[in-house]
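Now for the letters of each chain:
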Amino acid sequence: MRKLIAGFLFALTAMSAPASAEIDGHGPDSWRVVGVSRNDALNARMGPGTRYPVIERFRSNEGGLKQVTCVPYIPPAHFQRMSEAQRRALPPRWCLMQDRALIRAGWVNANYLRPDFGQPAKPQMPAKRVSVEPGGDLIARSEGLVRALYELRSLEDQGIRTELYTRTGAGRFFQKAIVQRFISGAAGADPIYGAQDFDGACEEPRRHPTQPMYRGMITVIVDCVNFGRAQRTEYALRIDPDQPDGTPRIFRISHKDWDFP
């Protein structure tokens, strides 16, 4: 039931705060969650502030997080030189973070972030996933993959460059056979939105209600309203034997009148 506004699923830069966001061009390569108890998690929100809904969570002591930008903007080198007292005197600072695999993303309170220099994380008991359907874990991972695809596409819409349209970035989402076709723009219309332009809202990606997995193929659905018209997009995913990580990848995107590729 969660409908997210302005451009798509996670309109992360539709902010009412007066501070402007800028890309941090330098600074630590990765960040770690601190100050969160072992059995808790750090909320990641749709926008920079507690008035925005929680869309993801980062685990206690989770490392390897990637920083996209922060508001208010402070050059990273200057921020690292500031004392704790000076940092506490700043207005609340929020950073747009992505996990190591670029699957989860959201705005978090910067007070809970520290540079991650590769120190090992404390042992964490993995959360037990309860599934009532065969292949449930793969289905959940497929939903997360499609969600992350729209997160990056939304950032691109806001002029924030990501790796989505590179071979490496697209390879995290698509099977190798179609990566080049996706980044080339040869499809004409946008394969994600199903149109050349998008102005509307979409619902959370979800598994197919009656046949989420059949003979190794997983189907994830995204319902949108684009320029006032309802539209549905279906993503077909399966394990790519050319990829070593065992994560499902997209091999087909189906719109009402056409498919990609």
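Up top you'll find the structure we're talking about.
Residues numbered from 1 in each chain as written. Predicted model: local features only at pLDDT ≥ 70, side-chain atom pairs only at ≥ 80, totals over all residues. Heavy atoms only, no water.

Turning to the environment of Asn 111, a few remarks are in order. On the secondary structure map, Asn 111 appears in the loop between β8 (105-109) and β9 (113-115). Taking C-alpha positions, Asn 111 is 9.7 Å from Cys 95, a pair spaced 16 residues apart along the chain. (Helix = DSSP H or I, 4+ residues; strand = E, 2+ residues; numbered from the N terminus.)

All right, on to helix α5 (residues 176-184) then. Every buried residue of α5 is listed here: Ile 178, Val 179 and Phe 182. Buried residues in α5, looked at end-on, bunch into an arc of 130°, giving them a common side. Where α5 ends, the next residue or the one after it, Gly 185, has phi of about 75°, a positive value. (Buried < 20%, exposed > 50% of the residue type's maximum accessible area, 1.4 Å probe, protein only. Arc of directions from axis to C-beta.)

Okay, the state of the cysteines next. Two cysteines form a disulfide when their sulfur atoms are joined by a covalent bond. The full count for this structure, using the stated rule, is 2 disulfides. One disulfide in the model links Cys 70 with Cys 95; its S-S distance is 2.0 Å. The sign of the 105° torsion about the S-S bond sets the Cys 70-Cys 95 disulfide as right-handed. Taken together, the positions of Cys 70 in strand β6 (residues 66-71) and Cys 95 in strand β7 (residues 94-98) put the pair 25 residues apart, joining distant regions of the chain. With respect to burial, Cys 70 and Cys 95 carry one shared label: buried. By sequence order of its bonded cysteines, the protein chain has the disulfide arrangement 1-2, 3-4. (Disulfide = S-S within 2.5 Å.)

These figures capture arrangement, not role.
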